[in-house]
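The lines below spell out each chain.
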Amino acid sequence: QVHLVESGGGVVQPGGSLRLSCAASDFTFSKYAMNWVRQAPGQGLEWVAIISYGGENKYYADSVKGRFTISRDNSKNTLYLQMNSLRVEDTAVYYCARDPVAGNRHVPFYFDLWGQGSLVAVSS
Amino acid sequence: DIVMTQSPDSLAVSLGERVTINCKASQSLLFTSDNKNYLAWYQQKSGQPPKLLIYWASTRESGVLDRFNGSGSGTDFTLTISSLQAEDVAVYYCQQFYGTPATFGQGTKVEI
């Protein structure tokens, strides 16, 4: 059964940094674009970033541009999200999500596989 | 950004009843070059990640039961659950992927 498992979440002070990881298994990770989608407590879903299957193309939501960096290591079947200059409003569950259509593009389509999520809490 | 507005925000129906959730986009999601509507529907049960139900507005994801149906075109879309079951209690989201960034509706909570 295909899996995505996030890790790296936790509590961090405003202005701090955190790196999330998403380990993929039982599918050919290098053939899929990958995304991060977040959900603030009790709120809806917000797309955060996409990276193409080879890692060359990336795109970010305006709310995180310049602060967050998406990357991937296809040799390790792992997706990353480096989060710097964190703000209280970045508090959310962060999901990694597979995109079956985007391929080498930096344009997100729909998301057919989601991880269980990793909670990031930004608080002083 | 394309704004997605769902209605209603919540609804409570009896088991076996039909459920209709609406989703309206601030601009057309119909891509004329391929005649596809760039819209997806997700189900999120409490404490779980979202699950893809429908993509291209009306294509059911593999393994999704046929009581879930998507319809609509352009700016107006509908998710229909033909006969509500207890396990369908969840929040349902529409999502557009016509424009970047991808954006979601605010969600519709379905209860028994």
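Residues numbered from 1 in each chain as written. Chains lettered and ligands numbered in written order. Predicted model: local features only at pLDDT ≥ 70, side-chain atom pairs only at ≥ 80, totals over all residues. Heavy atoms only, no water.

Engineer: Can you walk me through the environment of Pro50 of chain B in this structure?
Structural biologist: Examined against the element boundaries, Pro50 of chain B turns out to sit in the loop between strand 6 (39–44) and strand 7 (51–55). Classification of Pro50 of chain B by relative accessible area gives buried; the value is 4%. When the C-alpha atoms of Pro50 of chain B and Leu79 of chain B are compared, they prove to be 15 Å apart, with 29 residues separating the residues in sequence. Beyond its immediate stretch of four places on either side in the chain, Pro50 of chain B contacts Leu45, Tyr95 and Trp114 of chain A together with Tyr42, Gln43 and Gln44 of chain B. (Helix = DSSP H or I, 4+ residues; strand = E, 2+ residues; numbered from the N terminus. Buried < 20%, exposed > 50% of the residue type's maximum accessible area, 1.4 Å probe, protein only. Contact = heavy atoms within 4.5 Å.)

Engineer: Sorry, what's going on with the packing of aromatic side chains here?
Structural biologist: Scanning all chains against the criterion turns up 23 aromatic pairs over all chains. Centre to centre, the rings of Phe111 of chain A and Tyr42 of chain B are 6.5 Å apart; their planes meet at 25 degrees, and the pair counts as stacked. With one member in each of two chains, Phe111 of chain A in the loop between strand 9 (92–99) and strand 10 (113–114) and Tyr42 of chain B in strand 6 form a pair that bridges those chains. As far as burial versus exposure is concerned, Phe111 of chain A and Tyr42 of chain B are alike and both buried. For the pair Phe31 of chain B and Tyr38 of chain B, a centre-to-centre distance of 5.5 Å together with 70 degrees between the ring planes defines the contact as edge-to-face. (Phe/Tyr/Trp six-rings, centres within 6.5 Å; stacked < 30°, edge-to-face > 60°.)

Engineer: Just to check I follow, could you spell out the environment of Trp114 of chain A for this structure?
Structural biologist: Note on placement: Trp114 of chain A falls in strand 10. In contact with Trp114 of chain A, other than residues within four places in its own chain, are Leu4, Val37, Tyr95, Cys96 and Ala97 of chain A together with Tyr42, Pro49, Pro50 and Phe104 of chain B. Among the polar contacts listed, one links the side chain of Trp114 of chain A to the backbone oxygen of Phe111 of chain A, at a separation of 3.2 Å. (Polar contact = N/O pair within 3.5 Å; in protein donor to acceptor, adjacent residues only side chain to side chain.)

Engineer: Just checking my understanding: could you explain the state of the cysteines for this structure?
Structural biologist: In a disulfide, the sulfur atoms of two cysteines are covalently bonded to one another. For the structure on display, the rule yields two disulfides over all chains. Disulfide pairing is shown between Cys22 of chain A and Cys96 of chain A; the S-S distance is 2.0 Å. Judged by the sign of its S-S torsion, about 65 degrees, the cystine formed by Cys22 of chain A and Cys96 of chain A is right-handed. In this pair, Cys22 of chain A is assigned in strand 3 (residues 18–25) and Cys96 of chain A in strand 9, connecting sequence segments 74 residues apart. Exposure class is identical for Cys22 of chain A and Cys96 of chain A. Each is buried. In this model Cys23 of chain B forms its disulfide with Cys94 of chain B; the gap between the sulfur atoms is 2.1 Å. Residues Cys23 of chain B and Cys94 of chain B share a disulfide whose torsion about the S-S bond is about 75 degrees; that sign makes it right-handed. You can see Cys23 of chain B sitting in strand 3 (residues 19–25) and its partner Cys94 of chain B sitting in strand 11 (residues 90–96), a full 71 residues away along the chain. For Cys23 of chain B, a relative accessible area of 2% translates into the label buried. (Disulfide = S-S within 2.5 Å.)

Engineer: How should I be thinking about the interface of chain B and chain A in this particular structure?
Structural biologist: It is common to give the size of an interface as the accessible area that goes away when the parts come together. Facing 18 residues of chain B, the contacting portion of chain A comprises 18 residues. Looking only at chain B, the three residues that lose the most surface to chain A are Pro49, Thr100 and Phe104 of chain B, adding up to 32% of its buried area. At the boundary of chain B and chain A, one finds zero salt bridges. Taken together, the connections running from chain B to chain A amount to five residue pairs in polar contact (both at pLDDT 80 or more). Secondary-structure elements contributing two or more residues to the side of chain B that touches chain A are strand 6, strand 7 and strand 11 of chain B. Sort the elements by how many residues they give to the side of chain B that touches chain A and strand 6 of chain B lands first, with three residues. (Buried area = accessible area lost by both parts, 1.4 Å probe. Salt bridge = Lys/Arg side-chain N within 4 Å of Asp/Glu carboxyl O.)

Engineer: Sorry if this is basic, but what is going on with the pairing of strand 7 (residues 68–73) of chain A here?
Structural biologist: Residues in a regular strand project their side chains so that they alternate between the two faces of the sheet. Residue and element names in this part refer to chain A. Along strand 7, the buried face is formed by Phe68, Ile70 and Arg72; none of Thr69, Ser71 and Asp73, which line the opposite face, is buried. Pairing of strand 7 with strand 8 (residues 78–83), which is carried by six bridges, proceeds in the antiparallel orientation. Residue pairing in the sheet places Thr69 in a bridge with Gln82 of strand 8. With antiparallel pairing between neighbouring strands as the criterion, strand 7 and strand 8 make up a hairpin whose turn holds four residues, including Asn77 at a positive phi of roughly 50 degrees. (Pairing = 2+ DSSP bridges.)

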